[in-house]
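What follows is the residue order along each chain.
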Amino acid sequence: MRLSRSGFILIAVSSVTCVLAAVLLFALPPRPITSHADAIATILDRRGIAYERVTTDQVWPAAVNYYAYGPSVYPYSATVSVFLPDGAIAPGSLECTDDRRRCRVTIVRFAIDNEPIPDISSVRPLPWMEWLRQVVQKIRFFGYVTFVSNVLEKYSAGCFVSG
């Protein structure tokens, strides 16, 4: 049986599309959550809240109590600062039953009240993946490739190194 020219083109285009989709899925993993700030940023991204950066800081006496007596007596707690594009800072708080798992964040300005955040992963990205993530973040800041960066973050898995 002989394939027609249009049948051959259809098969070729389908094959190339499948290969490109596979490359995107396995070569461009989502941003890993390696800190409380990353986990809080994930919540802000899901809600569509614009921000420049997120920081957390464990203050005294919470830090002393947590490390001296452990999570069974004192939960892990920290202050949260969300730096906004207009220069304002949205304060908040973070509380975890363990310092890396089962955490909840509260940021009153954004109506986030005791919302669970993703657990922190011990998996670290490859250096070139971290560089690519930073490039995409800079491009996203200028508002260009939001769709592409969302696809890269959402549909990728695989290229991580444990560390």
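See the structure above.
The following refers to the structure shown.

Procedures and definitions
Residues numbered from 1 in each chain as written. Predicted model: local features only at pLDDT ≥ 70, side-chain atom pairs only at ≥ 80, totals over all residues. Heavy atoms only, no water. Salt bridge = Lys/Arg side-chain N within 4 Å of Asp/Glu carboxyl O. Helix = DSSP H or I, 4+ residues; strand = E, 2+ residues; numbered from the N terminus. Buried < 20%, exposed > 50% of the residue type's maximum accessible area, 1.4 Å probe, protein only. Pairing = 2+ DSSP bridges. Axes fitted to C-alpha atoms, helices over the stretch in contact; angles between N-to-C directions. Contact = heavy atoms within 4.5 Å. Disulfide = S-S within 2.5 Å. Core = buried A, V, L, I, M, F, W, Y, C linked by side-chain atoms within 4.5 Å. Phe/Tyr/Trp six-rings, centres within 6.5 Å; stacked < 30°, edge-to-face > 60°. Lys NZ or Arg CZ within 6 Å of the ring centre and 35° of its normal.

Moving on, we get to the pattern of salt bridges. Summed over the entire model, instances satisfying the criterion amount to one salt bridge. Ionic pairing is found between Arg47 and Glu115, a salt bridge with its closest N-O pair at 2.6 Å. Of this pair, Arg47 sits in helix H2 (residues 36–47) while Glu115 sits in strand S5 (residues 112–116), placing them 68 residues apart in sequence. The class for Arg47 is partly exposed, based on a relative accessible area of 39%.

It is worth spelling out the pairing of S5 at this point. With three bridges joining them, strand S4 (residues 103–107) and S5 adopt antiparallel strand pairing. Within S5, the residue paired with Arg104 across the bridge is Pro116. Linking S4 to S5, which pair antiparallel, is a turn of four residues; within it Ala111 sits at a positive phi near 60°.

Our next topic: the sheet that holds S4. Read from one edge of the open sheet, five strands run S1-S2-S3-S4-S5, paired in antiparallel fashion. Bordering the open sheet on either side are strand S1 (53–57) and S5, each of which pairs with just one other strand. Mean inter-strand twist for the sheet, computed between neighbouring axes without regard to direction, equals 25°. Strand contacts of H2: S1, strand S2 (76–83), strand S3 (89–96), S4 and S5, with the helix running at about 140° to S1, the strand carrying the most contacts.

Further remarks concern the environment of Arg53. Among the secondary structure elements, Arg53 is positioned in strand S1. Residues Arg53 and Phe83 lie 30 residues apart in sequence; the distance between their C-alpha atoms is 5.4 Å. Setting aside residues no more than four positions away along its own chain, Arg53 makes contact with Ser81, Val82 and Phe83.

Under the counting rule described, the total for this entry stands at one disulfide. Note that Cys96 is cross-linked by a disulfide to Cys103, the S-S spacing being 2.0 Å. Its S-S torsion of about 110° marks the bond between Cys96 and Cys103 as right-handed, since a negative value means left-handed. By relative accessible area, Cys96 is classed as buried at 1%.

So, on to the nonpolar core. Residues Ile40, Leu44, Val54, Val82, Leu94, Ile107 and Phe110 are the most contacted members of the largest nonpolar core, which totals 26 residues. Within the residue set of this core, elements represented by two or more residues are H2, S2, S3 and S4. Excluding residues within four positions of it along the chain, Leu94 makes contact with His36, Ile40, Tyr76, Ser77, Ala78, Val80, Cys103, Arg104, Val105 and Ile117.

Moving on: the packing of aromatic side chains. The full count for this structure, using the stated rule, is zero aromatic pairs. In this arrangement the basic side chain of Arg53 is found over the ring face of Phe83, its NZ or CZ atom lying 4.0 Å from the centre.

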